[in-house]
Amino acid sequence: MRLIDKITLEGVGLHTGKTCRLEIEPFDTDEVMMSCGKSEALISRMKTRGTNRGSDYIFPDGNEIRTCEHVLSSLTGLGIFSGVRVKVDGGEMPAFDGCAWTLSREIIAHSDDTVTKAPTVINSPVIVSNEDRTRFIAAFPSDTLHITYTVEYDYIGTQIYDYTHNAKNYVDEISRARTFAMKSDIDYLRSHGMALGGSLDNAIAVGETIEAKGGLHWENEFVRHKVLDLIGDLASLGKPVNAHIVAVRAGHELHLKLAEKLKEETIKNGRD
C-alpha cells in the first residue's frame, strides 16, 4: 500500500498513561521516517531497545519513542515501508485498542494499493537465542514471509500459530490480537512507571481468570499478538523480508536482535 492522505490520532500511552498524538503523513522518503520534536531519522538508522514490555526507538541525539511495535506493525503489516513520516508527540505511541485494528482501518482508508518496496531475501539461516537457548528466533530462506510462533505462559499454556503473511491475512488473522499482561505483574509494573495507561480497553488481564473486554477474539489471541509484535519489530529493517521465521518464547528483545542480524546479512551480501 501507499499512504495518500495524512492520519492524525490521539490516545493514551500504554506505559506513561499520558495523552500522545500520532501523525502519519505522506513524505518523500525511501523508508519510514520517524520524528519526535526536533529529532528525526530513518527507521533503519535508529537504535532499538527491546524488553518484555515493548520496543523503543532511539534517535541519534538520544531522544526516544516508546512502545512502537503496534503502530509499526499496522504500517508494515499492510505493506507500507516507505513514503511516510511518523510523528509522535508525547514520547510514546498511543496504545489505542492494544492491537493494530484501529490504526489498520485508518491506514486502509487513507491509502491506495501501490506496492512501495520489493522484499529482501535471505540465502542462509539466521538464528538468535538467549544464553541458555530456552528462547530463540530463527529466519530461514523462503519465497514469502511465513511465521511459526510458539508461546508458553502460566494460565495460558502453550499456543502455536502458523501464519503466512499478506495484507488480507494480516487484517483478518492478526490485527485484532490484543496485548496482554499477567495480573500478578500489574502492581510491580505500575510501581516502576509502566502500564500506567493500561486497562481492559487496550489489554487482556491474565490470571486464574482471563479478563478481556468483549471476550477473547480467538482462543489463541495471545500467540497471534506475538506475531503482530514480531511483524512490527521487523519494521526496523527498513524493508520487507521474505523468510520463514520460527520463534519459540522469543519476545521483543530477540525480535529486534534478529532484525539487526538480518540487516547485517543483507549489507554483507550487497543487498542494502
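Everything that follows concerns the structure shown earlier in this document.
Residues numbered from 1 in each chain as written. Predicted model: local features only at pLDDT ≥ 70, side-chain atom pairs only at ≥ 80, totals over all residues. Heavy atoms only, no water.

Participant: What should I look at first to understand the pairing of strand 19 (residues 241-248) in this one?
Facilitator: Inspection of the sheet shows strand 11 (residues 120-121) paired to strand 19 by 2 bridges, in the parallel sense. Across the sheet, residue Val121 finds its bridge partner in strand 19, namely Asn242. (Pairing = 2+ DSSP bridges. Helix = DSSP H or I, 4+ residues; strand = E, 2+ residues; numbered from the N terminus.)

Participant: Sorry, what's going on with the pattern of salt bridges here?
Facilitator: Between side chains of opposite charge, pairing is possible as soon as their charged atoms come close. Within the structure shown, the criterion is met by 17 salt bridges. Between Arg2 and Asp112 there is a salt bridge; the shortest N-O distance is 2.5 Å. Highlighted residues: Arg2 in strand 1 (residues 2-3) and Asp112 in strand 10 (residues 111-112), separated in sequence by 110 residues. Glu221 is the salt-bridge partner of Arg178, the closest N and O atoms lying 2.7 Å from each other. Highlighted residues: Arg178 in the loop between helix 3 (167-174) and strand 16 (180-182) and Glu221 in helix 5 (residues 221-233), separated in sequence by 43 residues. (Salt bridge = Lys/Arg side-chain N within 4 Å of Asp/Glu carboxyl O.)

Participant: Help me understand the packing of helix 1 (residues 69-77) against helix 5 in this model?
Facilitator: For any two helices packed against each other, one specifies the inter-axial angle together with the distance between the axes. The N-to-C vectors of helix 1 and helix 5 enclose an angle of 80 degrees; their axes lie 7 Å apart at closest approach. Considering their axes alone, helix 1 and helix 5 lie roughly perpendicular with respect to each other. The residues of helix 5 that touch helix 1, namely those facing Glu69, His70, Leu72, Ser73, Thr76 and Gly77, are His225, Leu228, Asp229, Ile231, Gly232 and Asp233. (Axes fitted to C-alpha atoms, helices over the stretch in contact; angles between N-to-C directions. Parallel < 35°, antiparallel > 145°, perpendicular 65-115°, else oblique. Contact = heavy atoms within 4.5 Å.)

Participant: Sorry, what's going on with the pairing of strand 6 (residues 47-51) here?
Facilitator: Two faces belong to every sheet, and in a regular strand the side chains alternate between them. For strand 6 and strand 7 (residues 54-58), the ladder comprises 5 bridges, and the chain directions are antiparallel. Across the sheet, Thr51 pairs through a bridge with Gly54, a residue of strand 7. Counting the residues that bridge the hairpin from strand 6 to strand 7 gives 2 residues.

Participant: Explain helix 1 to me, please; I cannot follow it from the model alone.
Facilitator: Note that an α-helix has 3.6 residues per turn; residues three or four places apart therefore point the same way. Most of helix 1 is tucked away: 9 of the 9 residues are buried. Of the residues making up helix 1, those classed as buried are Glu69, His70, Val71, Leu72, Ser73, Ser74, Leu75, Thr76 and Gly77. Positive backbone phi, at 95 degrees, marks Gly79, one or two positions downstream of helix 1. (Buried < 20%, exposed > 50% of the residue type's maximum accessible area, 1.4 Å probe, protein only.)

Participant: Mind showing me how you'd approach the side chain of Ser74 here?
Facilitator: Checked against the element boundaries, Ser74 lands in helix 1. The exposure class assigned to Ser74 is buried, which follows from its relative accessible area of 1%. Engagement of the side chain of Ser74 in a polar contact is seen with the backbone oxygen of His70, the distance being 3.0 Å. (Polar contact = N/O pair within 3.5 Å; in protein donor to acceptor, adjacent residues only side chain to side chain.)

Participant: Which parts of the structure should I look at to understand the environment of Ser73?
Facilitator: Position of Ser73 relative to the elements: it lies in helix 1. In the structure, Ser73 is positioned 65 residues away from Thr8 in sequence and 17 Å away in space, judged by C-alpha atoms. Setting aside chain neighbours within four positions, we find Ser73 in contact with Leu78, Tyr170, Leu228, Ile231 and Gly232. Side-chain polar atoms of Ser73 contact the side chain of Tyr170, separated by 2.7 Å. At a separation of 2.8 Å, a polar atom in the side chain of Ser73 contacts the main-chain carbonyl oxygen of Leu228.

Participant: I would appreciate a short explanation of unusual backbone geometry in the present structure.
Facilitator: Glycine aside, the phi torsion of most residues is negative, and most peptide linkages are trans. Even without glycine at this site, Thr67 takes up a positive phi of about 55 degrees. Along the chain, Thr67 falls in the loop between strand 8 (64-65) and helix 1.

Participant: What am I meant to see in helix 3 here?
Facilitator: Of all the residues in helix 3, the buried ones are Asn169, Tyr170, Val171 and Ile174. If you follow the buried residues of helix 3, they end up packed against helix 1, helix 2 (101-109), strand 15 (157-164) and helix 5. Backbone nitrogen of Lys168 and a side-chain oxygen of the N-cap are separated by 3.1 Å at the start of helix 3; the cap is Asn166.

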